[in-house]
Amino acid sequence: MNLLKILVLQCIFCTSLFAQIKDEKYYYRDTVFEFAQCKIDIRKCVADDQSFKCGVVITNLTDQFIIIDPVQVIWSLAGSATVSHMALKRKVVIAPRYNKSFTAKFVGADFQQESQTINFTRIEMTDKVEAVYEIPELDVTKDLSRKVGPVTWTVKKVFFAVDKDEKKKNFRIDGIIEYTGGKFLGIFHNNIALKTSDGNTYINESKTRGYFAFVKNKYHYDNSKKFEKQTLVFPVESEKITAELKPTLSFTNVFKEYSLVTIEGFTIKLQRGTINDYMKNAGVLKDDIEEME
């Protein structure tokens, strides 16, 4: 075999070996960390030469909302100036006495490291209720909108629909919330009620767990948007929704505006493990909000 062929074969071998190294997955051990009466559980951690991601479950044991800005969650490498911010488009908000799970992903570096360091540099928490905005009652047969302070609730559509799971008919109202206050607005979704003049009251049942609003899986107002869509669901028959019975929306203790305080950040270090550390939590995490026991 001539020298040229030997060199070509060596080049092919080295290229193949390098590609295998780049494609190799690094797995990391689960880690649990406690902060400010909360618990953060890091699971299913995996890295390659282009990205690092892990499942995060944050359990909020307080009576306040916890707010984490992805810009303030930073991956760093010891002895290097290289950093990467968590690749999420919106803030992570965990309601009081709830937990939230999501996937934290970092890109833009070689993440095939023996250990990973994640810095939660700044975390916010709600403090005092500065205002409660009691929107006046709204007759859905004739009124389209109600406003108080910086909060406006507008009816977009009213209709009856059949619940797919329970096979029962219910009354639904599509609406939008507009908030111009620029602070943190908590939305206590299950406090919204539909009242009729015959003395009946029906509580909103739209995809809620506990008493917090789910607006596309959120329970606070996203200040980056001009408005939030909201669908209300009430267990009431069609004969109850007439002009004579004056079906009226009530918003008592629904919209609460909070001040925010900053709590001390922390650093979590993950040590390299095996694929078994990753697989033991396969199928456990979901990017969803789950109510605590």
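What you see is a predicted model; the values in this text were computed from it and never measured.

Engineer: It is not clear to me how the overall build of the chain should be interpreted in this structure. Could you clarify?
Structural biologist: Across its full length, the chain holds two helices and 21 strands. Looking at the chain as a whole, 45% of its 293 residues are labelled buried. Partitioning the contacts of the chain with sequence separation of at least 6, the portion at a separation of at least 24 is 71%.

Engineer: Any chance you could explain unusual backbone geometry here in plain terms?
Structural biologist: Of note, Lys 246 is a non-glycine position whose phi angle comes to about 45°, a positive value. Mapped onto the elements of the fold, Lys 246 is located in the loop between β18 (228–234) and β19 (248–250). Residues other than glycine seldom take positive phi values, yet Asn 253 does so here, at roughly 55°. Secondary-structure assignment places Asn 253 in the loop between β19 and β20 (255–271).

Engineer: I tried to follow the pairing of strand β2 (residues 31–35) on my own but got confused; where do I start?
Structural biologist: Successive residues of a regular strand alternate their side chains across the two faces of the sheet. Note that β2 and strand β3 (residues 38–47) share five bridges and pair antiparallel. Bridged to Glu 34 within β3 is Lys 39.

Engineer: Explanation requested: empty space enclosed by the protein in the structure shown.
Structural biologist: Over the atoms rolls a probe the size of a water molecule, and its path tells where empty space is left. The final tally for this structure, using the stated rule, is one cavity of 30 Å³ or more. Around the largest cavity sit Ile 67, Ile 68, Asp 69, Gln 72, Arg 122, Ile 123 and Glu 124, which together line it. Only β5 (66–68) and β10 (115–133) provide two or more residues apiece to the lining of the largest cavity. Here the residues of the lining of the largest cavity are counted per class, giving three nonpolar, one polar and three charged.

Engineer: Would you mind going over the confidence of the model for the chain with me for this structure?
Structural biologist: Low-pLDDT stretches of the model should not have their predicted coordinates read in fine detail. When pLDDT is averaged across the chain, the result is 81; 79% of the residues are at 70 or more. Across residues 11–21, where pLDDT falls below 50, the model places one contact with residues more than four positions away in sequence or in other chains. Confidence over residues 284–293 falls short of pLDDT 50; this stretch has 36 contacts with residues more than four positions distant or in other chains.

Engineer: Can you walk me through the pairing of β20 in this structure?
Structural biologist: Where β10 lies against β20, 15 bridges are found, and the strand directions are antiparallel. When the bridges of β20 are listed, Glu 124 appears paired with Thr 262. Pairing analysis gives four bridges linking strand β15 (residues 184–187) to β20, with the strands arranged antiparallel. Its bridge partner lying in β20, Ile 187 is registered against Phe 255.

Engineer: Explain the sheet that holds β19 here, please?
Structural biologist: Sheet strands pair by backbone hydrogen bonding; their relative direction is either parallel or antiparallel. Taken in spatial order, the four strands make up an open sheet running β11-β19-β16-β17, and their pairing is antiparallel. Two strands lie at the open edges of the sheet, namely β11 (138–139) and β17 (201–203), each paired on one side alone. Two strands pair when backbone bridges link them, and β11 and β19 are joined in this way by two bridges, in the antiparallel orientation. From the neighbouring strand, Asp 139 faces β19, where its bridge partner is Thr 248.

Engineer: When you look at the nonpolar core in this model, what are you seeing that I'm missing?
Structural biologist: Side chains of a nonpolar character, in soluble globular proteins, are inclined to be buried together. By size, the foremost hydrophobic cluster in this structure holds 32 residues, and its most contacted members are Ile 40, Phe 52, Ile 68, Phe 106 and Phe 120. Residue contributions to this core peak at five residues, all from β3. Residue contacts for Phe 120: discarding those within four places in its chain leaves Ile 40, Ile 68, Gln 72, Val 73, Gly 265, Phe 266 and Ile 268. Formed by 25 residues, the second largest nonpolar core is a distinct cluster that contains Phe 171, Tyr 179, Leu 194 and Tyr 202.

Engineer: What's the story with the state of the cysteines in this structure? I'm lost.
Structural biologist: What we call a disulfide is simply a covalent bond connecting the sulfur atoms of a pair of cysteines. Counted under the stated rule, the structure contains zero disulfides. Lacking any disulfide linkage, Cys 54 is separated from the closest cysteine sulfur, that of Cys 45, by 4.4 Å.

Engineer: Please explain the environment of Lys 128 as it appears in this structure.
Structural biologist: With respect to the helices, strands and loops of the structure, Lys 128 is situated in strand β10. Counting along the chain gives 128 residues from Lys 128 to Lys 256, while the straight-line C-alpha distance between them is 10.0 Å.

Engineer: Is there a simple way to think about the pattern of salt bridges in this case?
Structural biologist: Between side chains of opposite charge, a pair can form as their charged atoms come close. Under the defined criterion, the tally for this structure stands at eight salt bridges. Several salt bridges share partner residues, and in doing so they unite Glu 24, Glu 114 and Arg 272 into one network.

Engineer: In this structure, what is going on with the side chain of Ser 250? I would like to understand it.
Structural biologist: Checked against the element boundaries, Ser 250 lands in strand β19. The exposure class assigned to Ser 250 is buried, which follows from its relative accessible area of 4%. A distance of 3.4 Å separates the side chain of Ser 250 from the side chain of Thr 252, its partner in a polar contact. Beyond its immediate stretch of four places on either side in the chain, Ser 250 contacts Glu 137, Asn 191, Ile 192, Ala 193 and Lys 195.

Engineer: I would appreciate a short explanation of the packing of aromatic side chains in the present structure.
Structural biologist: For any pair of aromatic rings, the description consists of the separation of the ring centres together with the inter-plane angle of the planes. By the definition in use, this model includes 14 aromatic pairs. Measuring from ring centre to ring centre gives 6.1 Å for Phe 52 and Phe 106, while their planes differ by 20°; the resulting arrangement is stacked. With Phe 52 in strand β4 (residues 51–60) and Phe 106 in strand β9 (residues 98–107), the pair connects residues that are 54 residues apart, well separated along the chain. Note on accessibility: Phe 52 and Phe 106 belong to one class, buried. Judged by centre distance (6.4 Å) and plane angle (80°), the rings of Phe 65 and Phe 188 are edge-to-face. A residue pair is termed long-range when its members are at least 10 positions apart, and Phe 65 in the loop between β4 and β5 and Phe 188 in the loop between β15 and β16 (193–195) qualify at 123 residues. This pair shows no difference in class: Phe 65 is buried, exactly as Phe 188 is. Three or more aromatic residues joined by ring pairs make a cluster, and in this case those are Phe 33, Phe 35, Phe 120 and Phe 266. Directly above the ring of Phe 188 sits Lys 256, whose terminal nitrogen or CZ lies 4.7 Å from the centroid.

Thresholds, definitions, all that
Residues numbered from 1 in each chain as written. Predicted model: local features only at pLDDT ≥ 70, side-chain atom pairs only at ≥ 80, totals over all residues. Heavy atoms only, no water. Helix = DSSP H or I, 4+ residues; strand = E, 2+ residues; numbered from the N terminus. Buried < 20%, exposed > 50% of the residue type's maximum accessible area, 1.4 Å probe, protein only. Contact = heavy atoms within 4.5 Å. Pairing = 2+ DSSP bridges. 1 Å grid on protein atoms, 1.4 Å probe; cavity = no way out; pocket = protein on both sides within 12 Å on 5 of 7 lines; lining within 4 Å. Points joined across faces, edges and corners; volume = space filled by probe spheres on them. Nonpolar A, V, L, I, M, F, W, Y, C, P; charged D, E, K, R; others polar. pLDDT = per-residue confidence, 0-100. Core = buried A, V, L, I, M, F, W, Y, C linked by side-chain atoms within 4.5 Å. Disulfide = S-S within 2.5 Å. Salt bridge = Lys/Arg side-chain N within 4 Å of Asp/Glu carboxyl O. Polar contact = N/O pair within 3.5 Å; in protein donor to acceptor, adjacent residues only side chain to side chain. Phe/Tyr/Trp six-rings, centres within 6.5 Å; stacked < 30°, edge-to-face > 60°. Lys NZ or Arg CZ within 6 Å of the ring centre and 35° of its normal.

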